[in-house]
Amino acid sequence: MSFLIKGVSVLGKGKADLLIRDGVIAEGGAGNAQVIDADGLVALPGLVDLHTHLREPGREDAETVETGSRAAALGGYTAVCAMANTSPVADTAGVVEQVYRLGREAGLVDVQPIGAVTVGLAGERLAELGAMATSAAQVRIFSDDGHCVADPRLMRRALEYVKAFDGVIAQHAEEPRLTEGAQMHEGEVATRLGLTGWPAVAEEAIIARDVLLAEHVGSRLHVCHVSTAGSVEVLRHAKARGVKVTAEVTPHHLLLTDERATSYDPVFKVNPPLRTAADVEALRAALREGVIDIVATDHAPHAVEDKECEWGYARPGMLGLETALSVVLDALGSSAGGAGAGGAGVDWDLIAERMSRAPARIAGLTEHGRDIAPGAPANLTLVDPAARRRIDPGESASRSRNTPYAGMTLPGRVMATFLRGEATVLDGKAVK
Ligand SMILES: [Zn+2]
């Protein structure tokens, strides 16, 4: 199947016709290509998510590799990195190969497994990092996400181990002794609601420790879901020193604040928790500036019984794949610059960098995050910047319904996505 995408806006090139043939961006005659009228649409390299929970194996009632992949494609993604906190945990070559194979079978996005740092995420001894790296899944990123690698000696050894093959340790930065029983951000709102707080310093202290460890070892550190203004300052300092550290922010930490907890609706319960408006402003500025390198969704589907219960019992986490681009457009548009009608004020190059090129570089996914130019793999997405859509959880391709944006109207809509030249989304709908 070949496609001729007519009149689409391409970064740095203005309006152009794009021919997709044999899995790549092609040149020359269109022949019998299917024509897509893309007037008013923007072409971006397919988005890459460094932080996705696909829940398979183990919690297929919440999500599967296939349903999560479909949600990703609908969100404009062509690659996702699947977190290791499945059941069994992805801490062996066998499990990461299983996830990799399921991703290939679904064929909707490239699923790149992340391996656990420690056996069973227990934080006691290193998992088989080398065996996962040399497996068919070729794991490059390791994370105990959901848990912090709290033991500094273990963290140091993990950084040392992955240095040999240019691997990355992705840290869920949370000093566990400072967050025991925590239910939301520690601050004014938590005091008012009488809920135990999760202090900003629990994140900042681990990031400070880990950037020093990464500097000492000379290895690569990636910081998951940065959520506080103080963390931004620690990262700024580390980057100025030349530490090999990268960082991500989630869409929800760019848009929502801890005030949402006053509803007691557990859909707003997430880890790290929603922070203050001042934190949100600092995160937006850090993303624009590059102190935070990428947006990653932390897509965390949960079954109804784990979410529709009292706040204190609910599992933390939110859906993110299908709404990420719209939330980022909204967050970056609502201050400084502004997303004008038709996306006129949007810095598309910044979006492409933070949501595709940089995450692809960090993950070593060389087929993704490429400029849309002849010869490049046809991994791309077409966005309608003028569209606005009301978020209806019932329409989600995810098996779960825990979106915090239900009922909100957000800018931008993914109209088509292509993975190696095959359409996964057309007319805003999943193809298969
Ligand atoms: Zn996490």
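Residues numbered from 1 in each chain as written. Predicted model: local features only at pLDDT ≥ 70, side-chain atom pairs only at ≥ 80, totals over all residues. Heavy atoms only, no water.

- Going by what an unreviewed UniProt entry lists, the protein is known as Dihydroorotase and is assigned to Phytohabitans suffuscus.
- Of the comments in the UniProt record for the protein, the one headed Function (unreviewed entry) reads "Catalyzes the reversible cyclization of carbamoyl aspartate to dihydroorotate." (UniProt positions renumbered as here; feature names shortened; annotations may be inferred.)

## Focus on the sheet that holds strand β7 (residues 77–82)
Here's step 1: Taken in spatial order, the three strands make up an open sheet running β6-β7-β8, and their pairing is parallel. Strand pairing shows two members of the sheet lacking a second neighbour, β6 (47–52) and β8 (110–113), which therefore form its edges. Averaged over all neighbouring strand pairs, the angle between strand axes comes to 20°, with direction disregarded.
Here's step 2: Of the strand pairs in this sheet, β7 and β8 are connected by four bridges, and their pairing is parallel. (Pairing = 2+ DSSP bridges. Helix = DSSP H or I, 4+ residues; strand = E, 2+ residues; numbered from the N terminus. Axes fitted to C-alpha atoms, helices over the stretch in contact; angles between N-to-C directions.)

## Some points on the UniProt feature "active site" (unreviewed entry) in the protein
Here's step 1: As annotated by UniProt and renumbered to match this structure, "active site" (unreviewed entry) occupies Asp 298.
Here's step 2: By the element assignment, Asp 298 lies in the loop between β15 (294–295) and α10 (304–307).
Here's step 3: Judged by its relative accessible area of 7%, Asp 298 is buried.
Here's step 4: Other than its neighbours up to four places away in sequence, Asp 298 contacts His 51, His 53, Asp 145, His 225, Thr 250, His 252, Asn 271 and Met 318. (Buried < 20%, exposed > 50% of the residue type's maximum accessible area, 1.4 Å probe, protein only. Contact = heavy atoms within 4.5 Å.)

## Things to note about the coordination of the zinc ion
Here's step 1: The protein atoms that coordinate the zinc ion are Asp 145 (OD), His 172 (ND1) and His 225 (NE2), at distances spanning 1.9 to 2.2 Å.
Here's step 2: For the zinc ion, the donor residues sit on a single chain with the sequence spacing D-x26-H-x52-H. With a gap of 53 residues between them, His 172 in the loop between β10 (168–171) and β11 (184–185) and His 225 in the loop between β13 (220–223) and α7 (229–240) connect regions that are remote in the sequence. A single burial state applies to His 172 and to His 225, both of which are buried. (Donors = N, O, S within 2.8 Å, 3.2 Å for Na, K, Ca; no water.)

## Some remarks on the pairing of strand β14 (residues 245–249)
Here's step 1: For β14, the tally of buried residues reaches five of five residues, placing the bulk of the element in the interior.
Here's step 2: Alternating positions in β14 separate into two faces, Val 245, Ala 247 and Val 249 on one and Thr 246 and Glu 248 on the other, with burial throughout.
Here's step 3: Read from β13 through α7 to β14, the crossover connection turns out right-handed.
Here's step 4: In this structure, β14 lies alongside β15, joined through two bridges in parallel fashion. (Right-handed = clockwise from strand over helix to strand, strands pointing away.)

## A closer look at the environment of Gly 120
Here's step 1: Along the polypeptide, Gly 120 turns up in the loop between β8 and α3 (129–133).
Here's step 2: Sequence separation between Gly 120 and Ala 90 is 30 residues; the distance between their C-alpha atoms is 8.1 Å.
Here's step 3: Residues contacting Gly 120, with those up to four places away along its chain left out, are Val 89 and Asp 91.

## Details of the packing of helix α4 (residues 152–163) against helix α6 (residues 200–217)
Here's step 1: For the pair α4 and α6, interaxial distance at closest approach is 10 Å and the crossing angle is 40°. Judged on the interaxial angle alone, α6 and α4 are oblique. Of the two possible hands of crossing, α4 and α6 adopt the one that is right-handed. When α4 is examined against α6, the residues Pro 152, Met 155, Arg 156, Leu 159, Glu 160 and Lys 163 are found in contact with a partner set consisting of Arg 209, Asp 210, Leu 213, Ala 214, His 216 and Val 217.
Here's step 2: Partitioning the contact of α4 with α6 into residue classes produces six nonpolar, one polar and five charged. (Parallel < 35°, antiparallel > 145°, perpendicular 65-115°, else oblique. Left-handed = near helix turned anticlockwise from the far one by under 90°. Nonpolar A, V, L, I, M, F, W, Y, C, P; charged D, E, K, R; others polar.)

## Re empty space enclosed by the protein
Here's step 1: Tallied over the full model, the rule gives four cavities of 30 Å³ or more.
Here's step 2: Every residue lining the largest cavity is counted, 13 residues in all, and those nearest its centre are Met 184, Phe 268, Pro 273, Leu 274 and Trp 311.
Here's step 3: For the lining of the largest cavity, the residue count by class is seven nonpolar, three polar and three charged.
Here's step 4: The computed volume of the second largest cavity comes to approximately 60 Å³.
Here's step 5: Along the walls of the second largest cavity sit His 53, Leu 54, Arg 55, Glu 56, Ala 82, Met 83, Thr 86, Ala 90, Val 96, Val 99, Pro 113 and Ile 114, which together make up its complete lining.
Here's step 6: Among the residues making up the lining of the second largest cavity, the classes are represented as eight nonpolar, two polar and two charged. (1 Å grid on protein atoms, 1.4 Å probe; cavity = no way out; pocket = protein on both sides within 12 Å on 5 of 7 lines; lining within 4 Å. Points joined across faces, edges and corners; volume = space filled by probe spheres on them.)

## Notes on the environment of Ala 314
Here's step 1: Checked against the element boundaries, Ala 314 lands in the loop between α10 and α11 (324–333).
Here's step 2: The sequence separation of Ala 314 and Gly 197 amounts to 117 residues, and the corresponding C-alpha distance is 16 Å.
Here's step 3: Once residues within four sequence positions are removed from consideration, Ala 314 is found in contact with Pro 266, Lys 269, Asp 306, Lys 307 and Cys 309.

## So, the side chain of Asn 402
Here's step 1: Secondary-structure assignment places Asn 402 in the loop between β16 (380–390) and β17 (409–419).
Here's step 2: Side-chain polar atoms of Asn 402 contact the backbone oxygen of Gly 317, separated by 3.1 Å.
Here's step 3: Non-local contacts of Asn 402, meaning those with residues more than four positions away in its chain, are made with Val 267, Ala 300, Pro 301, His 302, Lys 307, Gly 317, Met 318 and Leu 319. (Polar contact = N/O pair within 3.5 Å; in protein donor to acceptor, adjacent residues only side chain to side chain.)

## Quick word on the packing of α6 against α7
Here's step 1: One way to put it is that α6 packs onto α7 with a least axis distance of 9 Å and a crossing angle of 10°. Viewed along their axes, α6 and α7 adopt a mutual orientation that is roughly parallel. Along the contact surface, α6 presents Glu 203, Glu 204, Ile 207, Ala 208 and Val 211, while α7 presents Gly 230, Ser 231, Val 234, Leu 235 and Ala 238.
Here's step 2: For the contact of α6 with α7, a count of residues per class yields six nonpolar, two polar and two charged.

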